[in-house]
Amino acid sequence: MRVVNLFGETLREAPAETEIVSHQLMLRAGFIRQLAAGIFSYLPLAQRSLRKIEQILREEMDAIGAQEIEMPVVHPAEIWQKTGRWQAIDETMVRFKDRKGHEMVLALTHEEVVAELTRSEIKSYKQLPQAVYQIQTKFRDEQRARGGLIRVREFIMKDSYTLDRDEAGLAIQYTAHYNAYHRIGARVGLNLIAVGSDVGMMGGKVAHEFMYLSPIGEDSLIVCENCDYAANQEIAEFEKPRYDNGPALEMEKVATPGAKTIEDLSQFLGIEPHQTCKAVFFVAEYGKTLKNKLVVALVRGDMEVNDVLVKNWSKANVLRTATPEEITAVGMVPGYASSVGITNDDVLVIADELISLETNLVAGANEEGYHLRNVNCGRDFKPDLIVNIATARSGDTCIKCGAKLTLQRGVEVGNIFQLGTRYTEAMGANYVDEAGQLKAVVMGSYGIGVGRLLACIAEEYRDDRGLKLPISIAPYAVCLISLCRTPEGQERANTLYTELLGAGVETLYDDRKDVSAGVKFADSELRGIPLQIVISEKSMERGGVEWKLRGSDERTIVSLDETVSCMKQEIAKLHALLSERAENAPKWDKG
RNA sequence: CGGGGUGUAGCUCAGUUGGCAGAGUGCAUGUUUUGGGAACAUGAUGUCGCAGGUUCGAGUCCUGUCACCCCGACCA
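1. So, the protein's contact with RNA strand B
Right, on to step 1. Around RNA strand B, the structure places 44 residues, and the nearest of them are Arg140, Glu142, Arg151, Ser536 and Glu546.
Right, on to step 2. Backbone sugar and phosphate groups make up 53% of those atoms of RNA strand B lying within 4 Å of the protein.
Right, on to step 3. Contact distances for RNA strand B include 2.4 Å between a sugar or linking oxygen and a side-chain N or O atom of Arg485.
Right, on to step 4. Asp523 places a side-chain nitrogen or oxygen 3.0 Å from a base nitrogen of RNA strand B.
Right, on to step 5. Of all the elements in the fold, those that place two or more residues in the surface near RNA strand B are strand S1 (32-36), strand S21 (405-420), helix H14 (517-526), helix H15 (537-541) and strand S30 (545-549).
Right, on to step 6. Broken down by element, the residue count for the surface near RNA strand B peaks at eight residues, all from H14.
Right, on to step 7. Looking at the surface near RNA strand B, its residues break down into 16 nonpolar, ten polar and 18 charged.

This is how it looks when you write it as C-alpha cells:
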C-alpha cells in the first residue's frame with residue numbers, strides 16, 4: 001500500500017478527551033476513529049491488525065478441534081426468556097420490537113443460540129464432544145464505556161462453545177481452551193495470566209479470566225508473589241490469621257457511647273479490631289416473584305466484606321447496600337448492629353468462617369450506645385450460612401504457599417466458563433447416552449475480545465515515538481521510505497516496492513513527494529511498523545538501502561539485490577521469537 | 001445511575017466588562033528547501049453543541065437540553 005493512497009491520517013496531537021496512551025496512539029496513528037461513546041470505526045491499519053489477531057484465533061481454535069460457524073446477531077426474546085436471562089440482565093441488553101411487534105434482542109453472547117443448535121443437531125452420545133466458535137460483533141450497552149478500545153459497547157469477540165456428555169469431557173475441552181488462550185497471548189506478544197474468577201451472569205462453577213496486567217486495568221487481582229496462585233479479588237481466598245481469645249465467656253452488655261465504627265469501638269474498649277465482629281448490610285433482590293431479603297454479612301473486625309461473594313451466597317439477582325431505614329425495619333440499629341437476638345425470616349445472616357471459629361467477640365447490642373462483649377457464634381446467634389465472605393487484600397497470606405499476596409490491576413481479555421447444563425436444560429438440549437438415558441448436554445463457553453486484545457498490545461508495545469507492534473499483528477511488516485529525488489532513484493524505489501510485494505512481504509510504501517524525510521520517519525514509527533527501509537540517492541552511494549528495526553536507531557546497509565531476502569529473513573526471525581513464546585506458554589497444571 | 005469536567009476552524013486551544021470570530025497546527029496554491037514532524041508568500045475553512053430567554057446587541061449572562069471525557073456504582 002502506498003501511503004499516499006492510505007485511508008486514515010496520522011495526527012500530530014491526540015484529541016483532548018483521550019486519557020489512555022494506547023487510545024491516543026491508535027487515534028494518532030490513524031487506526032481508529034470514535035463515532036459515539038464506546039463505538040468505533042476501524043480504519044485500514046487497525047482492520048489489518050484485527051484480521052491478524054482473528055487469524056491467530058482461528059488457527060488456535062481449529063487446532064483444538066473447534067469449527068467456525070456464524071450465529072445471528074438479532075435474537076427473538078423467547079430464547080432469552082427460556083433461560084431466564086431476559087429478566088436477569090439489565091439495560092445492558094438492547095431490546096427492540098420488530099415491525100410485527102415481536103420482542104427482539106441484540107445478542108450480547110450466544111449460549112442460548114448454541115443450546116438451541118445443540119437441541120436440533122445433537123441427539124446421541126456418539127455425536128459428542130463438539131466445539132464451535134465464531135468471530136463476530138457484539139453489542140452491549142454498557143453503563144459506561146471508557147479507555148478507547150479497552151471497554152466499548154460495540155466490539156468484536158471470538159466466542160466458542162463446547163458440548164460434552166459429562167463434566168469429565170467438559171474438563172478436557174476447558175483445559176484445551178485454557179492452553180490455547182495462553183498460546184494466543186504468546187503469539188500476539190502478551191503475557192496473560194489466568195486467574196480464578198466469578199461466574200457472573202454466565203452461571204456455572206469453574207471460570208478463569210485471562211488478564212493482561214496493567215495499571216489501566218479495570219479488574220483488581222490478587223496475585224501470589226511466590227507461587228502461581230492468582231484470582232480476581234472478587235473471589236480471591238487467603239489464609240486468615242487466627243487469634244486465641246480463650247474459652248467462651250458469659251455475654252455482657254457494655255456501654256459504648258458514640259462508638260459506631262470498628263475503629264472507635266476498639267479504641268473505646270482498648271481492644272484490637274480482630275476481637276470484634278463487623279456487620280455489613282445489603283438488600284438481596286430476587287426479582288418480582290420473591291421477596292427481598294436483608295442480608296447481614298458478618299466478618300471479623302479486621303476484615304472487609306466481599307460483596308461478590310455475599311451476592312453469590314445469597315443467590316440474589318441484585319445485591320445492593322441497605323438503607324438505614326431497611327436496617328432499623330428489622331430491629332437492628334446501624335452502628336450498634338449485630339445479628340444477636342434477631343429472628344426474622346426476611347433476614348439472611350451470612351457469617352464468615354472466622355466468626356464461627358473465634359470466641360468472645362464484641363458485637364453490637366442493637367441498642368443505641370451499647371455493644372455486647374463475649375459474643376460467640378452458635379451460642380448467641382445462628383447464621384444461616386457460614387462461608388468465606390472476606391475480601392483478600394494486598395499483604396494477606398497465600399492460601400496455597402503461605403507467601404504474601406499482592407494486589408494488581410488487570411484487563412480481562414478473555415474468559416472461560418464451565419457452564420454445565422444450565423442452558424441446555426433450559427432449552428431441552430438433550431442426548432441419549434449408551435444406556436438409552438436422556439441427559440442434558442454439558443456446555444462450556446469461552447470468549448476473547450479482539451479489539452481489547454489489540455488495545456492491550458498497543459498499551460504494551462509503544463514508546464515516545466508511537467506504537468511498536470509485534471510482527472504478528474502489525475498491519476505491515478515493512479515500511480519502505482523513499483527519499484529519492486531523481487527519476488532514476490524513484491524508479492529504483494518503485495521496483496523495490498514491487499519486488500517486496502512480489503515476495504509476499506507486506507509493505508507500506510512511502511514515496512510522498514511533498515513531505516520531508518522527518519515526517520516519513522515519524523509516521524512510520526507512529527504506526528508501529530516493525531521494519532523500516534530507507535532508499536535514497538545517499539543510501540545508494542553507501543551501497544544499497546538502509547534498514548532498521550522499530551525501536552532501534554541502528555541502521556544497516558544492505559545491497560539492493562539482497563534487500564528482499566534480508567527482509568524475509570528478519571521477518572522470519574521476529575516471527576520465530578513469538579513462536580518460541582507460544583511453545584513455552586503456560587499450560588494447565590491444576591489437575 | 002450519582003459526583004466532577006468539557007463543548008469555539010480537521011486537531012490543540014485563546015477569546016477581557018456583553019460590542020467586527022481568533023492563534024498555532026493542519027489543508028489548498030506557488031517559490032525555495034530536502035536524511036528526523038522545513039521556510040516564505042497567498043488563500044479557503046465556523047449552525048461558537050442545540051433550543052429558548054434577557055438585551056439595541058450574546059461565544060460571553062439566564063433556563064433547559066444534548067453529546068463527550070474522568071471518578072464511582074455496575075459489568076459477560
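2. Structural notes on unusual backbone geometry
Right, on to step 1. Omega for the bond connecting Leu128 with Pro129 falls within 30 degrees of zero, at 5°, which places this linkage in the cis form.
Right, on to step 2. Following the sequence through the fold, Pro129 ends up in the loop between helix H5 (111-121) and strand S7 (130-139).
Right, on to step 3. Even without a glycine there, the phi angle at Asn360 is positive, about 55°.
Right, on to step 4. Looking at the secondary structure, you find Asn360 in the loop between helix H10 (353-357) and strand S18 (361-367).

3. Concerning the sheet that holds strand S14 (residues 277-285)
Right, on to step 1. Here we have five strands laid out as an open sheet, ordered S16-S14-S15-S17-S20, and mixed in their pairing. Each end of this open sheet is capped by a strand with a single partner; those strands are strand S16 (318-321) and strand S20 (385-387). Strand-to-strand twist across the sheet, computed as the mean angle between neighbouring axes with direction ignored, equals 30°.
Right, on to step 2. Direction of pairing for S14 relative to strand S15 (residues 293-300): antiparallel, over a ladder of eight bridges. When the sheet's bridge partners are listed, Lys278 is paired in S15 with Val299.

4. Some words on the sheet that holds strand S29 (residues 531-535)
Right, on to step 1. Here five strands make up an open sheet; going across it, the order is S28-S27-S29-S30-S31 and the pairing mixed. Bordering the open sheet on either side are strand S28 (507-510) and strand S31 (556-558), each of which pairs with just one other strand. Averaged over all neighbouring strand pairs, the angle between strand axes comes to 25°, with direction disregarded.
Right, on to step 2. By the bridge criterion, four bridges tie strand S27 (residues 478-482) to S28 in an arrangement that is parallel.

5. Let's talk about the pairing of strand S10 (residues 207-213)
Right, on to step 1. Among the seven residues in S10, six count as buried, and that is most of the element.
Right, on to step 2. Direction of pairing for S10 relative to S21: antiparallel, over a ladder of seven bridges. Following the sheet pairing, His208 is matched in S21 by Ile416.

6. Considering the packing of aromatic side chains
Right, on to step 1. Summed over the entire model, instances satisfying the criterion amount to six aromatic pairs.
Right, on to step 2. For the ring pair Tyr178 and Trp588, a centre distance of 4.7 Å and an interplane angle of 90° mean the geometry is edge-to-face. With Tyr178 in helix H6 (residues 167-187) and Trp588 in the segment after helix H16 (563-583), this residue pair connects regions lying 410 residues apart in the sequence.
Right, on to step 3. Residue classification places Trp588 among the partly exposed positions, given a relative accessible area of 22%.
Right, on to step 4. Ring plane angle 25° and centroid distance 4.6 Å describe the contact between Tyr497 and Tyr509, whose orientation is recorded as stacked. Note that Tyr497 is positioned in helix H13 (residues 487-502) and Tyr509 in strand S28, a separation of twelve residues in sequence. Here Tyr497 and Tyr509 have matching classes, each one buried.

7. So, the packing of helix H1 (residues 21-28) against helix H12 (residues 450-460)
When two helices pack together, their arrangement is given by the angle between their axes and by how far apart the axes lie.
Right, on to step 1. Between H1 and H12, whose axes approach to 8 Å, the crossing angle comes to 95°. It follows that H1 is roughly perpendicular to H12 by the angle criterion. On H12, the residues touching Val21, Ser22 and Met26 of H1 are Leu454, Ala455, Ala458 and Glu459.
Right, on to step 2. For the contact of H1 with H12, the per-class residue count stands at five nonpolar, one polar and one charged.

8. A short note on the nonpolar core
Right, on to step 1. Ranked by internal contacts, the top residues of the largest apolar core, which has 64 residues, are Phe31, Leu190, Leu453 and Ile457.
Right, on to step 2. Inspection of this core shows a minimum of three residues originating in each of domain 1 (17-72 + 107-219 + 406-459) and domain 3 (476-580).
Right, on to step 3. Other than its neighbours up to four places away in sequence, Leu453 contacts Ile53, Ile184, Val188, Leu190, Val413 and Ile448.
Right, on to step 4. Cys224, Val305, Ala390 and Ala403 belong to the second-largest nonpolar core, a separate cluster that totals 28 residues.

9. A look at the domain arrangement of chain A
Right, on to step 1. Entries for chain A in the domain assignment read domain 1 (17-72 + 107-219 + 406-459), domain 2 (252-387) and domain 3 (476-580).
Right, on to step 2. Put simply, the middle of domain 1 and the middle of domain 2, counted by C-alpha atoms, are 39 Å apart.

10. Digging into a nonpolar patch on the surface
Right, on to step 1. A surface patch of nonpolar side chains, about 200 Å² in accessible area, is lined by Val73, Val74 and Phe96.
Right, on to step 2. Along the polypeptide, Val73 turns up in the loop between strand S3 (67-68) and strand S4 (74-76).
Right, on to step 3. Residue classification places Val73 among the partly exposed positions, given a relative accessible area of 36%.

11. Considerations on helix H8 (residues 307-314)
Right, on to step 1. Every buried residue of H8 is accounted for by Val308, Leu309, Val310 and Ser314.
Right, on to step 2. The inward-facing, buried residues of H8 abut S14, S15, S16 and strand S17 (347-352).
Right, on to step 3. Measuring from the side-chain oxygen of the N-cap residue of H8 to the backbone nitrogen of Val308 gives 3.0 Å; that N-cap residue is Asn306.
Right, on to step 4. Phi turns positive, to about 60°, at Lys315, one or two residues after H8.

12. Quick look at the packing of H13 against H16
Right, on to step 1. Contact geometry of H13 with H16 gives a least axis separation of 10 Å together with a crossing angle of 45°. Classed by the angle they form, the pair H13 and H16 counts as oblique. The interaxial crossing formed by H13 with H16 has right-handed handedness. Between H13 and H16, the contacting residues are Leu496, Glu499 and Leu500 on the first element and Thr563, Val564 and Met567 on the second.
Right, on to step 2. When the residues that make up the contact of H13 with H16 are grouped by side-chain class, the tally is four nonpolar, one polar and one charged.

Criteria and thresholds
- Residues numbered from 1 in each chain as written.
- Chains lettered and ligands numbered in written order.
- Predicted model: local features only at pLDDT ≥ 70, side-chain atom pairs only at ≥ 80, totals over all residues.
- Heavy atoms only, no water.
- Near = heavy atom within 4 Å.
- Polar contact = N/O pair within 3.5 Å; in protein donor to acceptor, adjacent residues only side chain to side chain.
- Helix = DSSP H or I, 4+ residues; strand = E, 2+ residues; numbered from the N terminus.
- Nonpolar A, V, L, I, M, F, W, Y, C, P; charged D, E, K, R; others polar.
- Pairing = 2+ DSSP bridges.
- Axes fitted to C-alpha atoms, helices over the stretch in contact; angles between N-to-C directions.
- Buried < 20%, exposed > 50% of the residue type's maximum accessible area, 1.4 Å probe, protein only.
- Phe/Tyr/Trp six-rings, centres within 6.5 Å; stacked < 30°, edge-to-face > 60°.
- Parallel < 35°, antiparallel > 145°, perpendicular 65-115°, else oblique.
- Contact = heavy atoms within 4.5 Å.
- Core = buried A, V, L, I, M, F, W, Y, C linked by side-chain atoms within 4.5 Å.
- Domains from an automatic or database assignment.
- Patch = residues over 30% accessible without salt bridge, like charges linked within 9 Å, V, L, I, M, F, W, Y side chains within 5 Å.
- Areas by Shrake-Rupley, 256 points an atom, 1.4 Å probe, with all protein chains shown as cover.
- Salt bridge = Lys/Arg side-chain N within 4 Å of Asp/Glu carboxyl O.
- Left-handed = near helix turned anticlockwise from the far one by under 90°.

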